[in-house]
Amino acid sequence: MTVRFGYTILYVPDVREAVTFYEAAFGIQLRFLHESNLYAELETGAVTLAFAGEELAEANGLAIRPLRASDPAQAFEIALISDFPQAAWDRAVAAGAAPLSPPHVKPWNQIVGYVRDLNGCLVELCSDMTTQND
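Presented here is a report on the structure given in the accompanying data block. (Residues numbered from 1 in each chain as written. Predicted model: local features only at pLDDT ≥ 70, side-chain atom pairs only at ≥ 80, totals over all residues. Heavy atoms only, no water.)

Structural notes on the overall build of the protein
Thinking step 1. Helix and strand counts for the protein come out as 3 helices and 8 strands.
Thinking step 2. Put simply, the protein runs from its N terminus to its C terminus through helices and strands in the order β-α-β-β-β-α-β-α-β-β-β.
Thinking step 3. Relative to the 2.2 N^0.38 estimate, which gives 14 Å for 134 residues, the radius of gyration of the protein is 15 Å and therefore close to what a compact globule would have.
Thinking step 4. Judged by the C-alpha coordinates and their principal axes, the protein covers about 50 × 40 × 25 Å. (Helix = DSSP H or I, 4+ residues; strand = E, 2+ residues; numbered from the N terminus. Rg over C-alpha atoms; globule rule 2.2 N^0.38 Å.)

Structural data, given as structure tokens:
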């Protein structure tokens, strides 16, 4: 049996609004939007970032704690890798992301900054660890 990581799905109040924000803030393009506007996927490489309407959680028999910008951030983040983390952070903030921590070099030589998206999800904007020098 093989298991692999394929999707991160964020339940959001408005799927189309989330997609529009991620396109503007992070330059990530839409791959798929269901005609119901309750599910969408972005072009994010090997692992898919997707959005589902909160009502789909209930339809799937799931109880969720909704993402809200006014609440403390939940105990997870999504990390978006960029060749230019500062430029990515600047773009996200200009598009309405809430700035938390501007990019800076971590002890392991990775550049990392943080914002919150329009729904309050933590987003790390970082350099690629696979291309870091010792």
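A look at the sheet that holds strand E2 (residues 30-33)
Thinking step 1. Reading across from one edge, E1-E4-E3-E2 is the order of the 4 strands in this open sheet, with mixed pairing throughout. Both edges of this open sheet fall to strand E1 (7-12) and E2, since each of them pairs with a single strand only. Adjacent strand axes in the sheet meet at a mean angle of 20° when their direction is disregarded.
Thinking step 2. Where E1 and strand E4 (residues 48-53) come together, 6 bridges link them in parallel fashion. (Pairing = 2+ DSSP bridges. Axes fitted to C-alpha atoms, helices over the stretch in contact; angles between N-to-C directions.)

What to know about the sheet that holds strand E7 (residues 111-116)
Thinking step 1. Strand order in the open sheet formed by 4 strands is E5-E8-E7-E6, and the pairing between neighbours is mixed. The open sheet has two free edges, formed respectively by strand E5 (77-81) and strand E6 (98-105), since each of these has just one partner strand. Put simply, the sheet's adjacent strands are angled 20° from each other on average, direction ignored.
Thinking step 2. Sheet topology note: the E6/E7 ladder contains 5 bridges and is antiparallel. Directly across from Val-105, in E7, lies its bridge partner Ile-111.
Thinking step 3. Lying on the sheet, helix H1 (residues 15-26) is in contact with E5, E7 and strand E8 (122-126); it crosses E8 at an angle near 25°. (Contact = heavy atoms within 4.5 Å.)

Focus on the packing of H1 against helix H3 (residues 85-94)
Thinking step 1. With their axes 7 Å apart at the nearest point, H1 and H3 run at an angle of 135° to one another. On the basis of their axis angle, the class for H1 and H3 is oblique. Across the interface between the two elements, Glu-23, Ala-24, Ala-25 and Phe-26 of H1 pack against Ala-88, Arg-91 and Ala-92 of H3. (Parallel < 35°, antiparallel > 145°, perpendicular 65-115°, else oblique.)

A few points about H1
Thinking step 1. Compared with the 16 Å implied by 1.5 Å per residue over 12 residues, the 16 Å span of H1 between its first and last C-alpha is a close match.
Thinking step 2. Within H1, burial applies to Val-15, Ala-18, Val-19, Phe-21, Tyr-22, Ala-25 and Phe-26. Burial along H1 is one-sided: seen end-on, the buried residues are contained in an arc of 165°.
Thinking step 3. Near the N-terminus of H1, the side chain that reaches the backbone nitrogen of Arg-16, with its oxygen 3.2 Å away, is that of Asp-14.
Thinking step 4. Backbone geometry just downstream of H1 places Gly-27 in the positive-phi region, at approximately 70°. (Expected span 1.5 Å × (residues − 1). Buried < 20%, exposed > 50% of the residue type's maximum accessible area, 1.4 Å probe, protein only. Arc of directions from axis to C-beta. Polar contact = N/O pair within 3.5 Å; in protein donor to acceptor, adjacent residues only side chain to side chain.)

Concerning the nonpolar core
The nonpolar side chains of a soluble globular protein tend to be buried, and buried together.
Thinking step 1. Counting residues in each nonpolar core, the largest one holds 25 residues, and the members touching the most others are Leu-10, Tyr-22, Phe-26, Phe-51, Val-115, Val-123 and Leu-125.
Thinking step 2. Elements supplying a minimum of two residues to this core: E1, H1, strand E3 (39-42), E4, E5, H3 and E8.
Thinking step 3. When residues in this core are grouped by element, the largest group, 7 residues, is from H1.
Thinking step 4. Val-115 has contacts with Phe-26, Trp-89, Ala-92, Val-93, Ala-97, Ala-98, Pro-99, Leu-100, Cys-121, Leu-122, Val-123 and Leu-125, leaving out every residue within four places of it along the chain.
Thinking step 5. Membership of the second largest hydrophobic core comes to 5 residues, among which are Tyr-11, Ala-50, Ala-52 and Ala-57. (Core = buried A, V, L, I, M, F, W, Y, C linked by side-chain atoms within 4.5 Å.)

Notes on the environment of Gln-29
Thinking step 1. Relative to the assigned elements, Gln-29 resides in the loop between H1 and E2.
Thinking step 2. The spacing of Gln-29 and Leu-42 is 13 residues in sequence and 5.7 Å in space, taken between C-alpha atoms.
Thinking step 3. Once residues lying within four places of it in the same chain are set aside, the contact partners of Gln-29 are Glu-23, Leu-42 and Glu-43.

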